[in-house]
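Chain by chain, the residues:
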Amino acid sequence: MTDIVSAGSASVSRLIGDSVIRIASDATLADAARVLTGSEIGAVLVGDEARPRALVSERDLVHAVADGRDPASTLATEVASTELAWCDVDSTIDEVAMEMMDRYIRHVLVEDDGALVGIVSARDLLGAYSDGARTD
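Residues numbered from 1 in each chain as written. Predicted model: local features only at pLDDT ≥ 70, side-chain atom pairs only at ≥ 80, totals over all residues. Heavy atoms only, no water.

Visitor: Before we move on, can you summarise helix H4 (residues 93-103) with the specific residues and values?
Guide: All buried positions along H4 are accounted for by Ile-93, Val-96, Ala-97 and Met-100. For H4, the arc enclosing every buried residue in end-on projection is 100°, short of the 170-degree limit, so these residues lie on one face. Where H4 ends, the next residue or the one after it, Tyr-104, has phi of about 55°, a positive value. (Buried < 20%, exposed > 50% of the residue type's maximum accessible area, 1.4 Å probe, protein only. Helix = DSSP H or I, 4+ residues; strand = E, 2+ residues; numbered from the N terminus. Arc of directions from axis to C-beta.)

Visitor: Run through the sheet that holds strand E2 (residues 43-46), naming residues and quoting values.
Guide: Taken in spatial order, the three strands of this open sheet run E1-E2-E3, and their pairing is mixed. Whereas interior strands pair on both sides, the edge strands pair on one side only; in this sheet they are strand E1 (22-23) and strand E3 (55-57). Here E1 runs beside E2; their pairing, made up of two bridges, is parallel. In the sheet register, Arg-22 faces E2, and the bridge partner there is Leu-45. (Pairing = 2+ DSSP bridges.)

Visitor: Can you break down the environment of Ala-128 residue by residue, with the values?
Guide: Mapped onto the fold, Ala-128 is located in helix H5 (residues 122-133). In contact with Ala-128, not counting residues within four places along its chain, are Ala-7, Arg-14, Leu-15 and Ile-93. (Contact = heavy atoms within 4.5 Å.)

Visitor: So what's going on with the sheet that holds strand E6 (residues 115-121)? Which residues, and what values?
Guide: Either a parallel or an antiparallel arrangement is found when strands of a sheet pair, and the pairing is made through backbone hydrogen bonds. With respect to topology, three strands assemble into an open sheet ordered E4-E5-E6, the strand pairing being mixed. The open sheet has two free edges, formed respectively by strand E4 (86-88) and E6, since each of these has just one partner strand. Taking the axes of each pair of neighbouring strands and ignoring which way they run, one obtains an average angle of 35° across the sheet. For strand E5 (residues 107-112) and E6, the ladder comprises six bridges, and the chain directions are antiparallel. Looking at E6, one finds that Leu-109 is bridged to Ile-119. (Axes fitted to C-alpha atoms, helices over the stretch in contact; angles between N-to-C directions.)

Everything listed here is a matter of geometry and, on its own, says nothing about what the molecule does.
Next up, the structure:
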């Protein structure tokens, strides 16, 4: 199990992959759902600001539909999370995992010198810990 400990002490930068995907500020929930499913991701940023202010996740979409909102006419900005969690690119996987647990969230934006460089999801963390626990 010592491999799991070493996985947690690694930099979160090793989990950053593809570029961050965004939708326009006037996108609907249906637009967001199409992007999420088409890109096989769990969250998408809303707008094109250098420092994003909103994120729509699968969970946000489910809550909106359960509340009876029409995905074709409801703007993503109406249900988007605006209290975004950020970490530095040099943060450890354990630090990001604790932030997610403390705030009960599934996505943390990663920055380097104030610039967005990626998003880390709970799924990414699970993969990192899982890789650390493998014995070949």
